Amino acid sequence: MWRLRRAAVACEVCQSLVKHSSGMKGSSPLQKLHLVSRSIYHSRHPTLKFQRPHLRTSFQQFSSLTNLPLRKLKLSPVKYGYQPHRNFWPARLAARLLKLRYLILGSAVGGGYTAKKTFDQWKDMIPDLSDYKWIVPDIVWEIDEYIDFEKIRKALPNSEDLAKLAPDLDKVVESLSLLKDFFTTGHKLVSEVVEASDLLLLLGSPGDTAFRATDHGSESDKPYRKVSDKEKIDQLQEELLHTQLKYQRILERLEKENKELRKLVLQKDDKGIHHRKLKKSLIDMYSEVLDVLSDYDASYNTQDHLPRVVVVGDQSAGKTSVLEMIAQARIFPRGSGEMMTRSPVKVTLSEGPHHVALFKDSSREFDLTKEEDLAALRHEIELRMRKNVKEGCTVSPETISLNVKGPGLQRMVLVDLPGVINTVTSGMAPDTKETIFSISKAYMQNPNAIILCIQDGSVDAERSIVTDLVSQMDPHGRRTIFVLTKVDLAEKNVASPSRIQQIIEGKLFPMKALGYFAVVTGKGNSSESIEAIREYEEEFFQNSKLLKTSMLKAHQVTTRNLSLAVSDCFWKMVRESVEQQADSFKATRFNLETEWKNNYPRLRELDRNELFEKAKNEILDEVISLSQVTPKHWEEILQQSLWERVSTHVIENIYLPAAQTMNSGTFNTTVDIKLKQWTDKQLPNKAVEVAWETLQEEFSRFMTEPKGKEHDDIFDKLKEAVKEESVKRHKWNDFAEDSLRVIQHNALEDRSISDKQQWDAAIYFMEEALQARLRDTENAIENMIGPDWKKRWLYWKNRTQEQCVHNETKNELEKMLKCNEEHPAYLASDEITTVRKNLESRGVEVDPSLIKDTWHQVYRRHFLKTALNHCNLCRRGFYYYQRHFVDSELECNDVVLFWRIQRMLAITANTLRQQLTNTEVRRLEKNVKEVLEDFAEDSEKKVKLLTGKRVQLAEDLKKVREIQEKLDAFIEALHQEK
């Protein structure tokens, strides 16, 4: 009895504690109750004989509700005495309801956490707008000076007031009591719900899916049906796919709105609303570095390891289409089965207010929103490709640099390479296949290049060539991204969809990749727009079995996801490698500067362009020097050169035929006729040719003569090329010959010698001309008959058989001339026969043609000697000339002829000198300037004409300095962005 009383007192104490705690915000723990009270009213006390086992679920360890305060309990009055048949079903029902509450709330928390994590991932993919902080007006950053945020914070309700607005958990528990009938059906259904919730947490689906699964199972009207595991998994995967697509559509809508807003902001900035200086974007700075490297060495022999996205693939695999989808414009030439990409195209994608494209070496902008500009851009790219391809080749390693700007474009640098071919077809160069392989390897062997391997999904994988090439360049797949194109055709034509999955996962190829993507780039219609292709691509993947059956993951499809992944990989590679490359170029610069100081310590570091400008100034100075030549010098060299050109014609065709006449009247008539014919047909043209050659000789003399210590032989090849090209382009004025013909004709018609000085000058001119011809004739005879007896004895020379025959013939003809010194210029046939018989009588066999050739030289010498003797007689004949040779046997008509020729030469030289100084020198200077301008634009010509170690060293030094400066600026901007 004393034990029962003691227990009753303890229970009254417990009741008093509970009553006092009911008015408090949190109730006291049950563990503080009396031991006897716990053993009576709490079924989980270890002293009880009949303990109910705990219902363990996987949600208990994740639940955050286990420490919530207990609901207010109403204790029943204590009855004294022993009660062996107590029923605790209300406690058991309450425990089950509490467990169900934990289950539902735990699922909600897990689903919410998963949804938040997914949202954070999508949020991280939104472009960073920190570069555009300058767009926000300064007043926004200074808003805290105008608004008192502390006062606003104090006016807001505190946390306790907000807690009152939270839902009442007691009411939630009371509403769950309606599910009593459901739990009375048995423990089996509860366990299945728990298993389904565990699976949902593992798949990472949002929390509302767990609520939907619970709601479907809680309908008491429907009979209970056991759902298989496969159906539950399919249902959950379907819900997961729809949720991801929903988030993706929301994100795309937000990105589209963001793109429009940024476009409006940048357009306002262009209109002058914000006057802050716009800094060059990172991608533009990086693209400039690559352009300088491309100009530095087009074959990449400088071990350039800066990152690029290299787009490679088989021909017609869809490389260009993928690149156009990334650039969001149809910018490349298109053809059905024909090789369109004939040289590498470097495309720099950057963000801007307008969707435009422009070439590196051109200021024209192509509006990519207009079809006519797109067609013009495609045509320009095709023309540049064909221009780069040399004659006899199909592809070229020269790079075409193109910048594409637009709102929402991912920033990166891509290089589209010619498609890899397996067979050389007709019309291609024999080495086309090897050239494409060498170009692709040159770009892919860069350890920091990202390889975008394009594979056509509509053809058999075994026919691919590019995968073997990529696996050789990147065997571990650390910088390769594999892209399967034309997936819509592949799904339609491939019998086994699992084969596509094997291709995407890289199980059919020996190559490894950093990521695998599947894209659709249109229906094969070249007139499709980018928006139509994107809509078709999204619609296809939403309905594709590849996603529904989990062969592909949502982040592995669409060109948009591909663009984001490639851009992230590109900038990651840039940040990891750019500083190392900058250090490499610093070391190269130091080595080049040291080499220059050791080899050329007193010379400035002039690159090829600077040397060309220096040579250009020197050449123009030398052309100006032509105008400083004195008129006397011009006339002397022109007169001498013209006489050397026409002397043979004057003596052979005019003087000698006229001298054969018997009287002076016939001589003068013959001379006048031949001079008139000569003036009308040949003389003006010969005079212009002589003047042009004289100008060339003087120009060459000024160009080639050394300038002493200041002369630099590095310019010799350039000067020679400029001289040749200028001379080739220069043409004498066409009207010069007509005016010159009249002047020459009038000069030759004048026969009046005014004074003795002119008479003596004419005789002197005639003697010099005849003596020069006599020397030439003597040399010809000596070559014909061989050395004379003196040379044979002194120099041990002998005559040939032919020379002996010529000597015998000459002696026989000289005997004939001695008999008749006035013999005519030609031999008669009987005279030839007589000479031949006389020679045969001495045992010398001769041919009549040999006799005629020998006679020509023998008579010529005889005539010239006679004319020189007559010239000496005419020295005193000026007096008789003034009297027209009346009462005198002396006739000096030949002196008058040479005076006319001499006067014509002087007047012609004076006329040509005037044309040179007034017109032709200026025209030549203009031609030289044009040639220099053309050479300045032709880089290949400058490389060919300005060569040598000094030039190449200065060129390398300039390029390395420029690359290093641009890299340093890019690295500084990259650090500022971080």
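Residues numbered from 1 in each chain as written. Predicted model: local features only at pLDDT ≥ 70, side-chain atom pairs only at ≥ 80, totals over all residues. Heavy atoms only, no water.

Chemist: Help me understand the overall build of the protein chain in this model?
Modeler: Across its full length, the protein chain carries 36 helices and nine strands. For the protein chain, buried positions account for 42% of its 978 residues. Put simply, 80% of the contacts in the protein chain that link residues at least 6 apart link residues at least 24 apart. Of the roughly 56,400 Å² of accessible surface on the protein chain, a fraction of 52% belongs to carbon and sulfur atoms. (Helix = DSSP H or I, 4+ residues; strand = E, 2+ residues; numbered from the N terminus. Buried < 20%, exposed > 50% of the residue type's maximum accessible area, 1.4 Å probe, protein only. Contact = heavy atoms within 4.5 Å. Areas by Shrake-Rupley, 256 points an atom, 1.4 Å probe, with all protein chains shown as cover.)

Chemist: Would you take a moment to explain the packing of helix 26 (residues 716-729) against helix 34 (residues 893-937) for this structure?
Modeler: Two numbers describe a pair of packed helices, the interaxial angle and the distance between the axes. Where helix 26 meets helix 34, the axes come as close as 9 Å, and the angle between the chain directions of the two elements is 125 degrees. Classed by the angle they form, the pair helix 26 and helix 34 counts as oblique. Considering the relative orientation of helix 26 and helix 34, their crossing is right-handed. Contacts from Leu718, Ala721, Val722, Glu725, Ser726 and Arg729 of helix 26 reach helix 34 at Leu924, Asn927, Val928, Glu930, Val931, Leu932, Asp934 and Phe935. Across the contact of helix 26 with helix 34, the residue classes break down as eight nonpolar, two polar and four charged. (Axes fitted to C-alpha atoms, helices over the stretch in contact; angles between N-to-C directions. Parallel < 35°, antiparallel > 145°, perpendicular 65-115°, else oblique. Left-handed = near helix turned anticlockwise from the far one by under 90°. Nonpolar A, V, L, I, M, F, W, Y, C, P; charged D, E, K, R; others polar.)

Chemist: Even after reading the chapter, I still don't get the pairing of strand 9 (residues 515-518), so can you show me in this structure?
Modeler: As a general feature of sheets, a regular strand has side chains that alternate between the two faces. Here strand 9 shows no split at all, with Gly515 and Phe517 on one side and Tyr516 and Ala518 on the other all buried. As paired elements, strand 8 (residues 480-485) and strand 9 share four bridges and run parallel to each other. Note that in strand 9 the partner of leucine 484 across the bridge is alanine 518. (Pairing = 2+ DSSP bridges.)

Chemist: Just to check I follow, could you spell out the nonpolar core for this structure?
Modeler: Where a protein is soluble and globular, its nonpolar side chains tend to be buried together. In terms of nonpolar packing, the biggest core is built from 102 residues, with Trp643, Tyr655, Trp678, Trp759, Ile901 and Val928 touching the most fellow members. In terms of residues, this core owes the most to one element, helix 34, which gives 17 residues. Excluding residues within four positions of it along the chain, isoleucine 901 makes contact with Trp643, Val650, Leu675, Trp678, Leu748 and Phe765. Leu323, Ile326, Phe570 and Leu957 belong to the second-largest nonpolar core, a separate cluster that totals 67 residues. (Core = buried A, V, L, I, M, F, W, Y, C linked by side-chain atoms within 4.5 Å.)

Chemist: Mind showing me how you'd approach the UniProt feature "coiled-coil region" (unreviewed entry) in the protein chain here?
Modeler: Following the UniProt record, one finds the feature "coiled-coil region" (unreviewed entry) at residues 233-271 and 914-941. In residues 914-941, helix accounts for 96% and strand for 0%; the two terminal C-alpha atoms are 36 Å from one another. (UniProt positions renumbered as here; feature names shortened; annotations may be inferred.)

Chemist: How do you make sense of the packing of aromatic side chains when you look at a structure like this?
Modeler: Geometry of an aromatic ring pair is reported as the spacing of the ring centres plus the angle between the planes. Taken as a whole and assessed by the stated rule, the structure comprises 16 aromatic pairs. A ring pair is formed by tyrosine 286 and phenylalanine 570, whose centres lie 5.6 Å apart and whose planes are at 80 degrees; its orientation type is edge-to-face. Here tyrosine 286 is found in helix 12 (residues 282-296), whereas its partner phenylalanine 570 is found in helix 21 (residues 559-599), with 284 residues between them in sequence. Each member of the pair, tyrosine 286 together with phenylalanine 570, is buried. (Phe/Tyr/Trp six-rings, centres within 6.5 Å; stacked < 30°, edge-to-face > 60°.)

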